[in-house]
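Structure at a glance
Chain by chain, the residues run as shown.
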Amino acid sequence: MPSTVDAVAVFCGSRFGKNPLYKQAAQDVGQTLAKAGIRLVYGGGAHGLMGVVADATLSAGGAVTGVIPDFLESREKMHEGVAELIVTDSMHTRKQIMFSRADAFWILPGGFGTFDEMMEILTWKQLGRHSKPIMLINVANWADTLLAALDAAVEQGFAAPTARTMIQAVPDIETALACSLSAEKSDRVAVEQL
């Protein structure tokens, strides 16, 4: 089956985290995307899981687009090996560009920045601004408490039960790829410009 997913935005940490399985998952994501001929769109950094996923994609012959705000150029060190590196004027512009360049979103382990990216793209979907697949890859159960917080928002009446179905928790990269490819192309088209 030919891929109708041309690019996946991967949100993940600029640090490695404590579990070595996180780094392995980032490597697997990069290799999987490259092998499938899917472009990686990511935060543009050279360190942590962001750097690992970019390095793995590049070393497997894949295409990479990095998007980084100018104030993070020195703080997070831009990845110099990325051929397409977009420098933005703000975090918000960074997220808009990543959104517009991606057909699906994969979330790997990360910190507050990763949570921010995930919540914004999920909120945009809840508000009907897009219907692109969002996959939370629950490596070593890192996201269990995050998923519990989403469930609690529904249980406490702050979100509709349907909102919880807008993000799919998957156990591994293979499932994320299969679920992203099975979504209808029309589901990945932006409903309107953000």
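That block above? That's the structure.
Keep in mind it's a predicted model, so treat the numbers as computed, not measured.

1. Thoughts on the packing of helix α1 (residues 20–36) against helix α2 (residues 48–59)
Remark: α1 packs on α2, axes separated minimally by 7 Å, with the N-to-C direction vectors making an angle of 35°. At the point where α1 passes α2, the crossing takes the right-handed sense. Within the contact between the two elements, α1 uses Tyr22, Lys23, Ala26, Gln27, Val29, Gly30, Gln31 and Ala34 and α2 uses Leu49, Val52, Val53, Ala56 and Thr57. When grouped by side-chain class, the residues that make up the contact of α1 with α2 number 8 nonpolar, 4 polar and 1 charged.

2. Observations concerning the side chain of His130
Within the secondary structure layout, His130 lies in the loop between α5 (112–126) and β6 (134–137). Using a relative accessible area of 2% as the deciding quantity, one classes His130 as buried. Of note is the side chain of His130, whose polar atom sits 2.9 Å from the backbone oxygen of Ile121. Within the structure, the side chain of His130 is placed 3.5 Å from the backbone nitrogen of Lys125, a separation counted as a polar contact.

3. Topic: the packing of aromatic side chains
Applying the stated criterion across every chain, the model contains 4 aromatic pairs. Relative to Trp124, the ring of Phe99 has its centre 5.5 Å away and its plane inclined at 85°; by these criteria the two rings are edge-to-face. A residue pair is termed long-range when its members are at least 10 positions apart, and Phe99 in helix α4 (residues 91–101) and Trp124 in helix α5 qualify at 25 residues. Of the residues examined, Phe99 reaches a relative accessible area of 5% and is grouped as buried. On the basis of an interplanar angle of 40° and a centroid distance of 6.4 Å, the ring pair of Phe112 and Phe115 is categorised as tilted. Placement of the pair is Phe112 and Phe115 together in helix α5, with a separation of 3 residues, close to one helical turn.

4. Notes on the pairing of strand β3 (residues 64–69)
Where burial is concerned, most of β3 is hidden: 6 out of the 6 residues are buried. Side chains Val64, Gly66 and Ile68 project from β3 onto one buried face, and the interleaved Thr65, Val67 and Pro69 project onto a second face that is buried too. Inspection of the sheet shows strand β2 (residues 39–42) paired to β3 by 3 bridges, in the parallel sense. Each residue of the ladder has a partner; that of Tyr42, found in β3, is Gly66.

5. Points about the pairing of β6
Judged by which residues are buried, β6 turns out to be covered on both faces: Ile134 and Leu136 on one side and Met135 and Ile137 on the other are all buried. One ladder, built from 3 bridges, connects strand β5 (residues 104–107) with β6; its direction is parallel. The residue bridging Phe105 from the neighbouring strand is Ile134, located in β6. Tracing the backbone out of β5, into α5 and back to the parallel element β6 gives a crossover that is right-handed.

6. Digging into the side chain of Glu117
Turning to its location among the elements, Glu117 is positioned in helix α5. Buried charge without a salt bridge: Glu117, with Arg94 as the nearest opposite-charge side chain at an N-O distance of 4.1 Å. In this view, Glu117 contacts Phe11, Arg94 and Lys95; residues no more than four positions away in its chain are not counted.

7. Examining the sheet that holds strand β4 (residues 84–88)
Ordered by their spatial adjacency, 7 strands build an open sheet running β4-β3-β2-β1-β5-β6-β7, and the pairing between neighbours is parallel. Both outer strands of the open sheet, β4 and β7 (168–170), are each paired with one neighbouring strand and no more. The mean angle between the axes of side-by-side strands here comes to 25°, regardless of whether they run parallel or antiparallel.

8. A few points about the nonpolar core
Formed by 56 residues in total, the largest nonpolar core has its most connected members in Val10, Val29, Trp106, Leu108, Leu136 and Ile137. The contact partners of Ile137, leaving out residues within four places of it in the chain, are Val29, Trp106, Ile107, Leu108, Trp142, Val170, Asp172, Ile173 and Ala176.

9. What about the pattern of salt bridges?
According to the stated counting rule, one finds 5 salt bridges in the structure shown. Note that Arg101 is salt-bridged to Glu84, the shortest N-O span being 2.7 Å. Taken together, the positions of Arg101 in helix α4 and Glu84 in strand β4 put the pair 17 residues apart, joining distant regions of the chain. Assessed through its relative accessible area of 37%, Arg101 is described here as partly exposed. Across the salt bridge formed by Arg164 and Asp151, the nearest N and O atoms sit 2.6 Å from each other. Placement of Arg164 in helix α7 (residues 161–164) and of Asp151 in helix α6 (residues 144–155) is noted, with a sequence separation of 13 residues between them. Through salt bridges that share partners, Arg39, Glu84 and Arg101 make up one connected network.

Conventions adopted
- Residues numbered from 1 in each chain as written.
- Predicted model: local features only at pLDDT ≥ 70, side-chain atom pairs only at ≥ 80, totals over all residues.
- Heavy atoms only, no water.
- Axes fitted to C-alpha atoms, helices over the stretch in contact; angles between N-to-C directions.
- Helix = DSSP H or I, 4+ residues; strand = E, 2+ residues; numbered from the N terminus.
- Left-handed = near helix turned anticlockwise from the far one by under 90°.
- Contact = heavy atoms within 4.5 Å.
- Nonpolar A, V, L, I, M, F, W, Y, C, P; charged D, E, K, R; others polar.
- Buried < 20%, exposed > 50% of the residue type's maximum accessible area, 1.4 Å probe, protein only.
- Polar contact = N/O pair within 3.5 Å; in protein donor to acceptor, adjacent residues only side chain to side chain.
- Phe/Tyr/Trp six-rings, centres within 6.5 Å; stacked < 30°, edge-to-face > 60°.
- Pairing = 2+ DSSP bridges.
- Right-handed = clockwise from strand over helix to strand, strands pointing away.
- Lys, Arg positive; Asp, Glu negative; His and termini not counted.
- Salt bridge = Lys/Arg side-chain N within 4 Å of Asp/Glu carboxyl O.
- Core = buried A, V, L, I, M, F, W, Y, C linked by side-chain atoms within 4.5 Å.

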